[in-house]
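Spelled out from the first residue to the last, the chains are:
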Amino acid sequence: MIEQLQKLPGVGPKTAQRLALHILNRSEDEVQGIAQALIDAKKQVGFCQTCFHLSAQSTCEICRNRDRDSSTICVVSDSRDVIALEKTREYDGKYHVLGGVISPMDGIGPEQLHIQPLVRRASTPEVREVILAISPSVEGETTTLYLGQLLKPFTKVTRIAFGLPMGGDLEYADEVTLARALEGRRELD
Amino acid sequence: MYLKSLHLNRFRNYRDREVQFDAQKTIVVGNNAQGKSNLLEAVELLATLKSHRTSRDRDLVRDGDEIARVSATVKRSYGETDMAITLRKQGRRVVTRNSENLRRQMDFLGAINAVQFSSLDLDLVRGSPDTRRSWVDGLLIQLEPVYAYILQQYNNVLRQRNALLKKIRNLEENPPSRELTAQLALWDAQLAAHGSRVTRRRARVLERLAPIAQSWHQQISGETEVLEIKYAPNVARSQDDPEQVQQAFLEKIQQRRVAEQNLGTTVVGPHRDEVDLIINHTPARSYGSQGQQRTLVLALKLAELKLIEEVIGEPPLLLLDDVLAELDPNRQNQLLEAIQDRFQTIITTTHIHSFDDQWLQNSQILTVEAGEIHPFVPNI
């Protein structure tokens, strides 16, 4: 059991041992409940047919929500990013989850990502803007460049700004972030 | 800057040893394979997060142990800093500064600066271009820690682009599909963007280093020889303008397109740079005796010291690993004169008698035997 638990992200040998001992100390019913919850989730949760966010139904809650603005699509690399962006409550458009970033080393090219469905969505007249919100790693940047070229003929394409965290002092920002923030500077309105 | 103390815990052949440095010069005496170089390696690790002897952390952990720790207290003009690195046989290293865990390794760099000089450094003259590139990179990381990040990003682009080129070659479609060509174009752009950063910084540091090395070389060789250091970037550039350099990259990539696709690997970029060392218009590699090559390496090392001092505003540490005995008395004296009492120097040697008395004056002398460090007691 310890070995199985160690396969989970963020769980090392010590945590795995602690979890295992904890599980052994619980009643059988309780353990059954945990196991059932895991299996149910795995069985029921799949991907939204439209945006590929995690969803128990064929269309996710966000895509079904009529109050949300369907003229903007925010493109992210995985479902965790959707959850992070949703917490901000700033964005009321739709999403599109790519399922990764372009990385030839891992054998991931555009065809392995949910890009074709994105192109189909972006080419409908309803969509007026695609926002690219992909991490600025080397692979993420390449994916952003790729999508930019691909989607530009169909609609307006923007990318989120990168720069200084709120509440942070300029002098504490690292050089990389600062250089990027300078690159993306803009005129005061 | 001054390294006050160094604590080695389960590092290499040391079980648990702390050294207090109490003089500007410390001479570490011991037979081979007792742990002298390991001591200097620990300082190198604190300065650069790298060891020139291994790239695997598990080599640094003592046999039979899982975790090693190297910590030190450094005195700088702005105050004292405690530095520590925890190394694991398996798993990631953790770096701390004043007991605070650092999320990014880059933030660890810059607290200790050091120049290491060992007999292996003759490879700078005789070795492959790769040796000279990593020398320049090591120096740059100490001067501009952000360069560590830039270089890492470039290497990442390089690996990704190579993977794609290999895929294109293995598919044997000629010419490659439009889809793949489009993907490659993206990596071309990334290579140009990241590669130009590497190239520009290397050019900049060599431009500053060259005149200092030249003047040292002239002084040591008795003004008879002229040293030139020429950066020979794989992608030649006419101006230092970022866009121009990127453009030059893209043009060269275009020229070498067929070759790259046949080889399945990237042949354009700073991973193919060279630094030419030229004495009296002749490549130093094919020039002259071992003594002359040693003079050259000594000049390069002294130039590094001066340049770091100039940029950082404080004299860095000098680590002399078993190299002093190889220098003749004249060069030993040149070196002594150059460092005077300004640079804290840690020297390892197998024989205390191999150098001049001047070196022993005001020096702290330690002996190392099988991972134990003791003050030196002269045999009377």
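Basis of the calculations
Residues numbered from 1 in each chain as written. Chains lettered and ligands numbered in written order. Predicted model: local features only at pLDDT ≥ 70, side-chain atom pairs only at ≥ 80, totals over all residues. Heavy atoms only, no water. Helix = DSSP H or I, 4+ residues; strand = E, 2+ residues; numbered from the N terminus. Rg over C-alpha atoms; globule rule 2.2 N^0.38 Å. Buried < 20%, exposed > 50% of the residue type's maximum accessible area, 1.4 Å probe, protein only. Contact = heavy atoms within 4.5 Å. Areas by Shrake-Rupley, 256 points an atom, 1.4 Å probe, with all protein chains shown as cover. Lys, Arg positive; Asp, Glu negative; His and termini not counted. Charge placed at Lys NZ, Arg CZ, Asp CG, Glu CD. pLDDT = per-residue confidence, 0-100. Buried area = accessible area lost by both parts, 1.4 Å probe. Salt bridge = Lys/Arg side-chain N within 4 Å of Asp/Glu carboxyl O. Core = buried A, V, L, I, M, F, W, Y, C linked by side-chain atoms within 4.5 Å. Pairing = 2+ DSSP bridges. Axes fitted to C-alpha atoms, helices over the stretch in contact; angles between N-to-C directions. 1 Å grid on protein atoms, 1.4 Å probe; cavity = no way out; pocket = protein on both sides within 12 Å on 5 of 7 lines; lining within 4 Å. Points joined across faces, edges and corners; volume = space filled by probe spheres on them. Nonpolar A, V, L, I, M, F, W, Y, C, P; charged D, E, K, R; others polar.

What follows covers the overall build of chain A. Along the backbone of chain A there are eight helices and six strands. Across chain A, helices and strands are ordered from the amino to the carboxyl terminus as α-α-α-β-β-α-β-α-β-α-β-α-β-α. A compact globule built from 189 residues should have a C-alpha radius of gyration of about 16 Å, whereas chain A, at 21 Å, is more than 25% larger. Taken along the three principal axes of its C-alpha coordinates, chain A extends 60 × 45 × 35 Å. The burial tally for chain A puts 34% of its 189 residues in the buried class. Taking all contacts inside chain A whose residues are at least 6 apart in sequence as the whole, residues at least 24 apart take part in 46%. For chain A, the exposed surface amounts to about 12,800 Å²; the carbon and sulfur share of it is 53%. If you average the places of the 22 positive and of the 26 negative side-chain charges in chain A, the two averages end up 4 Å apart.

With that out of the way, let us pick up the overall build of chain B. Counting secondary structure elements, chain B contains ten helices and 15 strands. Taken against the 2.2 N^0.38 rule, which gives 21 Å for 380 residues, the C-alpha radius of gyration of chain B at 23 Å falls within 12% of a compact globule. The C-alpha extent of chain B, read off along each of the three principal axes, is 80 × 55 × 35 Å. Classification of the 380 residues of chain B by burial places 54% in the buried group.

When pLDDT is averaged along chain B, the result is 90, and 99% of the positions lie at 70 or above. Here the predicted complex scores 0.85 on pTM and 0.77 on ipTM.

This brings us to the interface of chain A and chain B. Bring the parts together and some accessible area is lost; that lost area is often taken as the interface size. Contacts between chain A and chain B engage 18 residues on the former and 19 residues on the latter. Approximately 1,600 Å² of surface area, both sides summed, lies buried where chain A meets chain B, with 60% of it carried by carbon and sulfur atoms. Contact with chain B buries surface across chain A, with Pro-104, Met-105 and Val-138 of chain A losing the most and accounting together for 35% of the total. Here chain A is connected to chain B by one salt bridge. Between Lys-167 of chain B and Glu-111 of chain A there is a salt bridge whose closest N-O contact spans 3.6 Å.

Core analysis: the largest hydrophobic core is formed by 133 residues, its most contacted members being Leu-147 of chain A together with Leu-6 of chain B. In terms of residues, this core owes the most to one element, helix α5 (residues 178–220) of chain B, which gives 16 residues. Look past the residues within four positions of Leu-6 of chain B in its chain and what remains in contact with it is Arg-17, Glu-18, Val-19, Phe-21, Leu-39, Ala-42, Val-43, Leu-46, Val-70, Ser-71 and Ala-72 of chain B. Cys-48, Phe-52, Ile-62 and Cys-74 of chain A belong to the second-largest nonpolar core, a separate cluster that totals 14 residues.

Below, the discussion takes up the sheet that holds strand β9 (residues 227–232) of chain B. Residues and elements named next belong to chain B. The strand order β9-β10-β11 describes an open sheet built from three strands, whose pairing is antiparallel. Each having just a single partner strand, β9 and β11 (282–283) make up the two edges of the open sheet. Direction of pairing for β9 relative to strand β10 (residues 274–279): antiparallel, over a ladder of six bridges. Counterpart to Ile-229 in the pairing with β10 is Leu-277. Across the sheet, α5 touches β9 and β10, and the angle it forms with β9 is around 175 degrees.

Hydrogen bonds between backbone atoms are what pair the strands of a sheet, whose relative direction is either parallel or antiparallel. All names here are of chain A. Sheet architecture is open: four strands sit in the order β4-β3-β5-β6, paired in parallel fashion. If you trace the sheet from one side to the other, it starts and ends with β4 (93–97) and β6 (156–159), each paired once. Pairwise comparison of adjacent strand axes, ignoring direction, gives a mean angle of 25 degrees for this sheet. Across five bridges, the pairing between strand β3 (residues 69–76) and β4 is parallel.

Turning next to empty space enclosed by the protein. All names here are of chain B. Under the defined criterion, the tally for this structure stands at one cavity of 30 Å³ or more. In this structure, the largest cavity spans a volume of roughly 50 Å³. Lining of the largest cavity is provided by Phe-117, Ser-118, Ser-119, Asp-121, Leu-122, Arg-294, Val-297, Val-323 and Glu-326. Those elements that place two or more of their residues in the lining of the largest cavity are β8 (114–118) and α8 (290–312). Residues that form the lining of the largest cavity fall into these classes: four nonpolar, two polar and three charged.

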